Amino acid sequence: RKLAGWTRSHATHKALVAVFAGSLAAAGLAACSGSSAPSDPAAPQMYDPAGCNPIEHEAGKTTVVDIAFDGLERSYRLFVPTTYDSTAPTPLTLNWHGLGSNGAQQEAYTGTVIGEDQGYLIAFPNGVGNAFNAGRCCSGSANPPHQEDDVGFARAVVADIASRFCVDRRRIFSTGMSNGGYMSERLACNASDLVAAVAPVSALGYSVQNCEPTRPVPMIVFNGT
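Residues numbered from 1 in each chain as written. Predicted model: local features only at pLDDT ≥ 70, side-chain atom pairs only at ≥ 80, totals over all residues. Heavy atoms only, no water.

The topology assignment puts Ala203 in the segment after β6 (197-201). Separated by 19 residues in the primary sequence, Ala203 and Ser184 have C-alpha atoms spaced 9.3 Å apart. Those residues in contact with Ala203 that lie beyond four places of it in its chain are Ser178, Gly181, Tyr182, Glu185, Phe222 and Asn223. (Helix = DSSP H or I, 4+ residues; strand = E, 2+ residues; numbered from the N terminus. Contact = heavy atoms within 4.5 Å.)

Below, the structure is given as structure tokens:
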């Protein structure tokens, strides 16, 4: 009976991560488009002009991107929808995998159909040791107390994508499963200037230490069935 319950919960969580990755981008697009969008002098630029130049890319596919960060060779997977337009600022969702998983498994777990349908980029970062440092949880380091700066890594991933693609910096979102949900919560706490909203799934109501957002961050949280 417990196994059957876990299977239902597992399927529900899988669907939630995929659905809310799309919901975040769609909701953000509606909220931030047009002249009715709130004016915030402290908000980042709408986009980096350097990334809004035509480039060759594999549309409708996912590409593995290697990136050097904090003395380590890191990587992430990037999905680009077929409708991508280099002249139009495009939303981006960071989709973080769970503990012991990786970006490829997270992509298989949630899919990219909604990104294709809604026309937004999806990044699937890879954790060191198949884990992310979400504050009090899950550093991938083999020898603590060293812990990866995964908030900095998130910023580096966004900056790398924005340097080559026309990313709307006002519509960057974060979702993820378990440890990836914790990472989304940590970004809301410690990178509120980076993410517009977050949707952690199966993160068990985790409380991030040193939570100091510079602005309120919309959050929708899903646990259990």
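Even without glycine at this site, Asp70 takes up a positive phi of about 55°. In this structure, Asp70 sits in the loop between β1 (61-69) and β2 (72-80). In this structure, Asn130 is a non-glycine residue whose phi angle is positive, near 60°. Structurally, the position occupied by Asn130 is in the loop between β4 (121-125) and α4 (150-162).

We now examine the packing of α4 against helix α5 (residues 179-190). Here α4 crosses α5 at 85°, and the two axes come no closer than 10 Å. As the angle between them shows, α4 and α5 are arranged roughly perpendicular. Of α5, the residues touching α4 (which contributes Asp150, Val151, Ala154 and Arg155) are Met183, Arg186, Leu187 and Asn190. Grouping the amino acids of the contact of α4 with α5 by side-chain chemistry returns four nonpolar, one polar and three charged. (Axes fitted to C-alpha atoms, helices over the stretch in contact; angles between N-to-C directions. Parallel < 35°, antiparallel > 145°, perpendicular 65-115°, else oblique. Nonpolar A, V, L, I, M, F, W, Y, C, P; charged D, E, K, R; others polar.)

Whenever strands of a sheet pair, they do so through backbone hydrogen bonds, lying parallel or antiparallel. Pairing is mixed in the open sheet, where six strands are placed in the order β1-β2-β4-β3-β5-β6. The sheet terminates laterally at β1 and β6, the two strands that pair on one side only. Across this sheet, the average inter-strand angle for adjacent strands is 25°, counted without regard to direction. Judged from the five bridges that link them, strand β5 (residues 167-177) and β6 form a sheet pairing that is parallel. Paired with Thr175 across the two strands is Ala199, which belongs to β6. (Pairing = 2+ DSSP bridges.)

The tally for this structure, following the rule as stated, stands at two disulfides. Paired through a disulfide, Cys52 and Cys166 show a sulfur-sulfur distance of 2.0 Å. Across the disulfide from Cys52 to Cys166, rotation about the S-S bond amounts to roughly 80°, and the bridge is consequently right-handed. Of this pair, Cys52 sits in the loop between α1 (2-32) and β1 while Cys166 sits in the loop between α4 and β5, and the two are 114 residues apart along the sequence. (Disulfide = S-S within 2.5 Å.)

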